[in-house]
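Coordinate inspection notes
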Amino acid sequence: MRRLLLLLLGLLIPRQGRCFEFVIDGEWEEEALPDHRERHKRAILTSAEEEDFEAIRGDDITVNSYKVESRITSRFAHTTVRSSVVNSGSKAQSIAFNVQIPKRAFISNFTMNVNGITFVGSVREKAVARNLYAQARARNKAAGIVRANSQDLETFKTEVHVPPGSNIEFELHYQEMMQRRLGFYEHSLYLQPGRLVPQFQVDVYIFEPKGISTVQTPNTLGAQFEQLFKVTTSKDKAHIVFKPSLKQQKKCENCTASAIDGVFTVKYDVTRDSNAGELQVSDGHFVHFFAPSNLSPLPKNIVFVIDVSGSMWGVKMKQTVEAMKAILDDLTMEDHFSIIDFNHNVRCWSEELVPGSSIQVADAKKYIQNIKPNGGTNINEALMRAVQMLVRASNQGLIDPRSVSMIILVSDGDPTVGEIKLSTIQKNVKRIMREEFSLFSLGIGFDVDYDFLERIAMENRGMAQRIYANHDAAEQLRMFYRQVSSPLLRRINIQFPDDTVTEVTQNRFDKYFSGSELVVAGRVLPSESNTLTSFTTASAARLDITLEVEADMAELDMELAKQQHSFTGFARQMWAYLTIKQLISERSLATTFAKKKKITQRIMALAVEHQFVTPLTALLVESEDAKERLLADSPKDPKQGCCAGGGMTSSSAMSGLDPVKLVYQPPPWVQMTTPSPPSQVEKGPEEMVVPQQVNLVDNDPHFIIHLPASNMDVCFNIDSKPGHILNLVSDIGTGVTVNGQLIGSKQLNKSKLSTYFGAISVYYQPEGVSLTISANDIAMTDGRNNHSFTWAATAEITQDGVRLSIVKNSHVTVTVNNNIQVMVLLHRVWKKNPANVDFLGIYIPNENQYSPLVHGLIGQFSREPEVSIYDIHEGADPLKKEATMEVKGNKLLVTRGWQKDYRRDKKHGSNIYCWFIHSSGKGFIDGHYTQYIVPNPNSFLQMP
């Protein structure tokens, strides 16, 4: 038990003259544990110690100030806690400085100034730091971290013995990445000064380059502080201040005790303009944030595996039953589920997965309610039965191939019946688990081996969470389920072109849940290009998606330089933070000593380079002459599993792939929409997407029909009303209809209201797939699943023979069964334009392969009519000739003019010369234009 020697050291030294108190968690080595039951030993704070926590501790002291400042830049937070204290007593005494920090944070520095002597921190490899500390023989001088028995926090502690009149300044720094849960990032600061402080202040600065959509400061400190949270926000910045006066800090008017005791919380979310994510480049590193929304959830197949052994008796079981009732109510008919409960035996509520109908849910609730905990714990057999149930359902074709299958294990103890060796259970589950299944582990209380639950979850594409056995355990269970209850995507790959990035963190993910966020970071390689591009592929409900996003290499650094309170090194530190967290997870899963050693070396090197206190490094705090030394270690979780190595909740090992080296070529389709070389940029990507010979409708809506046999273009306008839906193509034979809905300009122009297409709908009847393209977004539905995309990112989506290609802020191309294509062009106007509105143009190739039943304002011309032009003569306008056109048995007076094709130049357009037909195409189109007005966006044309 050599890890305990450092703890014992403090006990061997005489207590008189004590200057510092060193407190560190027990860290057990597996070889020192002959019996697996010894794992139950652990060092944690008792409830009494927790209740007695104070940020500043000591008698007859004056706390001049206590200030906390957090700078959050692009979801990465750097927090500094500062305090200035004076020993105002008449004798020497010990003064403690304690800070509770989030468990997921890394301490990056601690400094202390005692009567002008400055102690400065530096992160070293743990062995090196401990050796230096021991060599200094700084009697009883130490600092440390103890993992408290609390839900999300651990405590940094230091204690200094100083003579009367001494001035002491403490300063602790820690860093963490904000994790998005249920649609919010939550930043928590634990405030418990334990006394009144003249200068007490909390500042939280947030800078998000894409913008901040919402900021909340839920008051958990008490009603008397309700009006003291000052929030200032702008488009991309927020500043939250909490600065209570001495009077406002008091518990009552005549009290001397502080009422500040709790967690100060800031919740916020960012503006997202597309489902492609946000790519940021700064300080030679990149970070890609991916958090799509407006997608329909994938159906779920869930097997709940619930521990009902004797240790679950009482509050634990009551809370589990309460949570399960709420969870079962959340299931839908699209979901399938079953329940397995286990003690020394294993029982199944249903041997097969059943739909989440109200009848089945009610029956499952009754079953849960009647469980009486007793007996031992047979985890191995319970998990085997759960996996076998999913495998059987998959083999029988009962599982939708696009659904998400998961096992949710809830347990409060170690195995005591059947297979009890944790490593064997881990191997057994891994052996029969399929790649499309995931295992989520929930450990209730501290009797459970959480390291084991974490490893078995990570190894099987899931995650683990500790549930604290207190009054809100049911809410903790429900909150966890809410995080995984709405899967939106599967098989997500975030890719980068070769030779653009290196040392990429995990970029392949098994699934994405609504309200969360996937984050990929890496180093940017030197390049002549001034942009970095990423490509994301994923599978949604009946959809396959490819998304493209790019970032300017220098833009963000220039912006950060202007921001007074930004954390300019965020990208570099976030990359290191993610890499270390993922390597720690991989280390816990390492199967050989050599592999574990290699990972260990990598973690230590990164932690030292980026100054992070991790389970493998320590913070050595030295005076300037290095004669006085303090040491701060990072502990492991109170209960360690079968294998050494701290496990952090991370998805890095889910895929079983190397998270650093995965770099991909862009998918082939990207070549179609990649801008041309500089000399050809003005032509744009449209020429490569849509053939030159097209029928089009653009502007107010001007129809241009190309007649290949006659080698001419014929134009006409449709003067209809805003709100009317015009049928453009109606082909009942192929099941395709294309309709356009009109919108009006903001005001009259020469007593006339201009109309434009505000929405284009493409409906593919055989599969029920409907696309609605507007100037705001692009919506896709199949009647059950609804998905929405924006114009802000290049993307490709395929579903049931329909392919949707979006070119960022330019155009959308819809291809049906590879033989019918429609391109919709976006026209943006100045936002404050007093008259004009955003509108769409539509371009349909002549080569589309319709059935003989096709019709519509454009579709009818797939059967080219015979057209003859004669009697060409000067018109009223000398620049516009007039002539007579014979078509469909009609003689029409036509005018030679031009209309615009905006594919090459969206601003000015290219002139297309055509014969213009007056009176809304009368005589050229079949019937009257009003016959082409349909009732809804997916209507087929009903011609008389």
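Residues numbered from 1 in each chain as written. Predicted model: local features only at pLDDT ≥ 70, side-chain atom pairs only at ≥ 80, totals over all residues. Heavy atoms only, no water.

Moving on: the packing of helix H8 (residues 422–432) against helix H9 (residues 450–458). Relative to each other, H8 and H9 sit at 20°, their axes nearing to 10 Å. Of the possible angle classes, the one that applies to H8 and H9 is roughly parallel. Considering only the axes of H8 and H9, their crossing is right-handed. Judged by residue contacts, Leu-422, Ile-425, Gln-426 and Val-429 of H8 engage Phe-452, Arg-455 and Ile-456 from H9. (Axes fitted to C-alpha atoms, helices over the stretch in contact; angles between N-to-C directions. Helix = DSSP H or I, 4+ residues; strand = E, 2+ residues; numbered from the N terminus. Parallel < 35°, antiparallel > 145°, perpendicular 65-115°, else oblique. Left-handed = near helix turned anticlockwise from the far one by under 90°. Contact = heavy atoms within 4.5 Å.)

Taken as a whole and assessed by the stated rule, the structure comprises 26 aromatic pairs. With 5.6 Å between their ring centres and 40° between their planes, Phe-229 and Phe-264 make a pair best called tilted. On the criterion of sequence distance, the pair formed by Phe-229 in strand E14 (residues 229–233) and Phe-264 in strand E16 (residues 262–270) is long-range, its members being 35 residues apart. Judged by relative accessible area, Phe-229 falls into the buried class, the value being 15%. Ring centres 4.6 Å apart and planes at 15° place the aromatic pair Phe-861 and Phe-924 in the stacked group. Linking Phe-861 in the loop between strand E47 (839–845) and strand E48 (867–873) with Phe-924 in the loop between helix H16 (918–921) and strand E52 (933–934), this pair joins segments that are 63 residues apart in sequence. Here the two residues Phe-861 and Phe-924 agree in accessibility, since each one is buried. Within the aromatic cluster, the residues linked to one another by ring pairs are Tyr-66, Phe-200, Phe-225, Phe-229, Phe-242 and Phe-264. (Phe/Tyr/Trp six-rings, centres within 6.5 Å; stacked < 30°, edge-to-face > 60°. Buried < 20%, exposed > 50% of the residue type's maximum accessible area, 1.4 Å probe, protein only.)

Now for the nonpolar core. Core analysis: the biggest nonpolar cluster contains 90 residues, and Phe-286, Leu-489 and Phe-924 have the highest contact counts within it. Broken down by element, the residue count for this core peaks at five residues, all from strand E31 (residues 543–552). The contact partners of Leu-489, leaving out residues within four places of it in the chain, are Phe-290, Pro-292, Leu-295, Leu-298, Asp-510, Lys-511, Tyr-512, Ala-538, Ser-539, Ala-540 and Ile-545. Ranked by size, the runner-up nonpolar core spans 55 residues in total, among them Val-81, Ala-105, Val-160 and Phe-264. (Core = buried A, V, L, I, M, F, W, Y, C linked by side-chain atoms within 4.5 Å.)

On to the state of the cysteines, then. The final tally for this structure, using the stated rule, is two disulfides. Bridging Cys-252 to Cys-255, the disulfide has an S-S length of 1.7 Å. Judged by the torsion about the S-S bond (90°), the Cys-252/Cys-255 disulfide is right-handed. Here Cys-252 falls in the partly exposed class, since its relative accessible area comes to 37%. The disulfide partner of Cys-715 is Cys-914, and the S-S distance across this bridge is 1.8 Å. Negative torsions about the S-S bond denote left-handed disulfides, and the value of about -120° found for Cys-715 with Cys-914 makes this one left-handed. In this pair, Cys-715 sits in strand E36 (residues 712–717) while Cys-914 sits in strand E51 (residues 910–917), placing the two residues 199 residues apart along the sequence. Taken individually, Cys-715 and Cys-914 each receive the classification buried, so the pair is uniform in this respect. Once the disulfide-bonded cysteines of the chain are ranked by sequence position, their pairing pattern turns out to be 1-2, 3-4. (Disulfide = S-S within 2.5 Å.)

Now for the confidence of the model for the chain. Atom-level detail of predicted coordinates should not be read off regions where pLDDT is low. Taken over all residues, the pLDDT of the chain has a mean of 84, while the share at 70 or more is 85%. Segment residues 1–51: pLDDT under 50, and 98 contacts once partners within four positions in sequence are set aside and those in other chains are kept. Long-range and interchain partners of residues 137–142, a stretch whose pLDDT sits below 50, account for 26 contacts in this model, where long-range means more than four residues apart. (pLDDT = per-residue confidence, 0-100.)

A few words on the pairing of strand E5 (residues 106–114). Extensive coverage of E5 is indicated by the burial of seven of its nine residues. Where E5 lies against strand E6 (residues 117–125), three bridges are found, and the strand directions are antiparallel. The partner of Met-112 across the bridge, within E6, is Phe-119. Taken together, E5 and the strand that follows it, E6, pair antiparallel across an intervening segment of two residues, in which Asn-115 is found at a positive phi of about 50°. (Pairing = 2+ DSSP bridges.)

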